[in-house]
Amino acid sequence: MSIMQKILGVAFAVMLMAGCSSQQSSEDENASANGGSGADGLSGADTRGIGSGSGDWGSVSDQYGNVVYFEFDSANIQPASEEMLNAYSELLKSSGQQAVLQGNTDERGTREYNMALGERRGKSVADYLSMRGVSSSQLEVVSFGEERPAEQGSDDWAYSKNRRVEIVK
Amino acid sequence: MKKIVLSLVFFFACTTVYAQRLTINIDKGGRNPTPIAVIPFAWSGSGFNGDQVAEIVSSDLYRSGQFKPIDKQSMLSFPHAESEVVYRDWRMSGAEYLVTGQLSPLGNGGFAATFILCDVNGQKLMFSKTIQGGPNNLRDIAHYISDQVYETLTGFRGAFQTRIVYVGGGVGNVKLYMADQDGAREQVLMNSTEPVLSPDWSPDGKQIVYVSFEGGRPGIYLQTLATGRRERLTSFPGLNGAPSFSPDGRSLAICLSKGGNPDIYVMDIASRQLRQITNHPGIDTEPSWTADGSGIIFTSSRGGKPQLYKASVSSGQAERITYEGDYNAHGRMSKDGKLISFIHRRDGVFHTAVQDVKSGRVTVLTQTSLDESPALAPNGRMVMYATKRGGRSVLSTVSVDGGVQVTVPVQNADVREPAWGPFRSQ
């Protein structure tokens, strides 16, 4: 229970401090691609009568993007990602939709080991969402390792953009 | 696919006119390669080029790290038979050995190559051999000559007639290629819009296995080279990765995470039956077989950081085999069981390295960074690996005793994941 309170507390603090300004640089493309792929882009949040912080997939991904970033060699969820994940967890709980959590790594290290690291990151997101009440049957983790970089280049900036989990329908 | 069949149809008719069983072990290694003169071959008839044969042989010998072919411009003469060799001149040029020969057309459109190897300092003929091939076999013949020279002078079997497979292309446009070990005669084996990785050869060289994400999920696929026929072997939930053929060709060691986390399994290919080898909450992946097939080398995070371990295939019992450094992964044992090639991080840089199995001594082979996927030649004397050059991924080779690193000149500008094929039976 105390973990949950902590998470909520941090999430609330992040919401207050950061608004919705975080991580909108590289994942816009993904967000719009995913928003466009569904039929619910403009359907609004009213049809399902769900509570605050939730909405349809398009509006959640518009507001938060769909990318969770990670530190080097880590699969830990960073506080900065919690607000977004909380919104996705509300969305998934209320809609019952399926989500695929695509784990990715930067290019350093061997490809199959990175495949396993990408899966760890995906599972870490899945665990967080499950802890927030999303059914594990709604979640699938697929790791792409270092095979699908979001950014080319062998520098710290590109690496930081590539260590990620993309939440897709 | 027709091309593959054609090149397999290629046949040898080799007669050894004079062969002294003489082995000179070159232990100077790549850091002090032996100077050798590879003289442009004489040729008559059209379609065969003696210069090209000498260039291919020179390039093979150079890439081995054991030899330093002397410059064509510094050659005083172009002898094509031992009777024409003035040993004194060649000694002055610094060459310790000399290779030359001639090509002559055969009635069937093919040609015969007669070639000799001379010991410059000893002033004597070491061998004279003849080989025949069809009109499309110039490269095969040149690699055969390289093998004969390499074997005679080093005592190790040459691996210049072997082939490689590798992956090329960027996100959304991925191709699996096959080529000669020097990057020539590249051909596409399959295309995908999704990632393809981890190819491995069957020990008989007739099939390859790899991971493909076609359909958005990973699966392990088996492809027969002669027919192009493919079949999916696995598509379990989670990881389906890192397939490695057993030395007898009957089984694959693979990584699956269907049990909740990545573990090593062995699949009997005929029955598709699975047997779990490791069972640990850490990451276990990148399996490959020991030379005798009794053990599996794999990467595991069970000690915190990735290290190489060896598990018994029968009992699953695992022991750690690397201790130097905090990142050792992608281990592959040489066929003679003496060496393990792997990726070794030192000072934050990923290098290709080898470990001597008996002594445990680690030798870092490369000065490049971001090395990946080292693949040992079937003779265990060279490693091909992927590395970054100018922002692109390239294939490179290095001798197992260090020294010369050479980029493999393939067509696709972005290549990775080399797998070195077995010796081709003759």
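Anything mentioned here points back to the structure above.
Residues numbered from 1 in each chain as written. Chains lettered and ligands numbered in written order. Predicted model: local features only at pLDDT ≥ 70, side-chain atom pairs only at ≥ 80, totals over all residues.

Caption draft 1: Quick peek at the overall build of chain B. Across its full length, chain B carries four helices and 31 strands. Taken against the 2.2 N^0.38 rule, which gives 22 Å for 426 residues, the C-alpha radius of gyration of chain B at 23 Å falls within 12% of a compact globule. Taking the principal axes of its C-alpha atoms as reference, chain B extends roughly 70 × 45 × 40 Å. Across the 426 residues that make up chain B, the buried fraction comes to 50%. Long-range pairs, those at least 24 residues apart, make up 47% of the contacts in chain B between residues at least 6 apart in sequence. (Helix = DSSP H or I, 4+ residues; strand = E, 2+ residues; numbered from the N terminus. Rg over C-alpha atoms; globule rule 2.2 N^0.38 Å. Buried ≥ 20, exposed ≤ 12 C-beta atoms within 10 Å, placed from the backbone. Contact = placed C-beta atoms within 7 Å.)

Caption draft 2: Representation of the overall build of chain A in the model. Summing up its helical and strand segments, chain A has six helices and four strands in all. Ordered by position from N to C terminus, the α and β elements of chain A give α-α-α-β-α-β-α-β-α-β. Taken over 169 residues, chain A has a buried fraction of 46%. A sequence separation of at least 24 residues applies to 74% of the contacts in chain A between residues at least 6 apart.

Caption draft 3: Examining the interface of chain B and chain A more closely. With 28 residues of chain B in contact, the opposing surface of chain A contributes 17 residues. For the side of chain B that touches chain A, the secondary-structure elements that each account for two or more residues are β11 (196-201), β15 (240-245), β19 (284-289), β23 (328-333) and β27 (372-376) of chain B. Split by residue class, the side of chain B that touches chain A holds 14 nonpolar, nine polar and five charged. (Nonpolar A, V, L, I, M, F, W, Y, C, P; charged D, E, K, R; others polar.)

Caption draft 4: Highlighting the environment of Ser-294 of chain B. Examined against the element boundaries, Ser-294 of chain B turns out to sit in the loop between β19 and β20 (295-300). Measuring from C-alpha to C-alpha, the distance between Ser-294 of chain B and Phe-350 of chain B comes to 29 Å, with 56 residues separating the pair along the chain.

Caption draft 5: Quick look at the sheet that holds strand β12 (residues 207-212) of chain B. All names here are of chain B. Ordered by their spatial adjacency, four strands build an open sheet running β11-β12-β13-β14, and the pairing between neighbours is antiparallel. Two strands close off the open sheet at either side, each with one partner strand: β11 and β14 (230-234). On average, adjacent strands in this sheet sit at an angle of 25° to one another, irrespective of strand direction. (Pairing = 2+ DSSP bridges. Axes fitted to C-alpha atoms, helices over the stretch in contact; angles between N-to-C directions.)

Caption draft 6: Looking closely at the environment of Gln-148 of chain B. When you line up the elements, Gln-148 of chain B lands in helix α4 (residues 138-154). For the pair formed by Gln-148 of chain B and Phe-127 of chain B, sequence separation is 21 residues and the distance between their alpha carbons is 9.4 Å.

Caption draft 7: Examining the sheet that holds strand β1 (residues 67-69) of chain A more closely. All names here are of chain A. Spatially, the four strands line up as an open sheet ordered β1-β4-β2-β3, and their pairing is mixed. Taken across any chain shown, the strands that pair with only one partner, and hence form the sheet edges, are β1 and β3 (139-145). Each adjacent strand pair in this sheet contributes to an overall mean axis angle of 20°, direction not counted. Both strand β2 (residues 99-104) and β3 contribute to a ladder of six bridges, which runs parallel. Following the sheet pairing, Ala-99 is matched in β3 by Leu-139. Against the sheet, helix α5 (residues 111-131) contacts β1, β2, β3 and β4 (164-168), and its axis sits at roughly 155° relative to β3.

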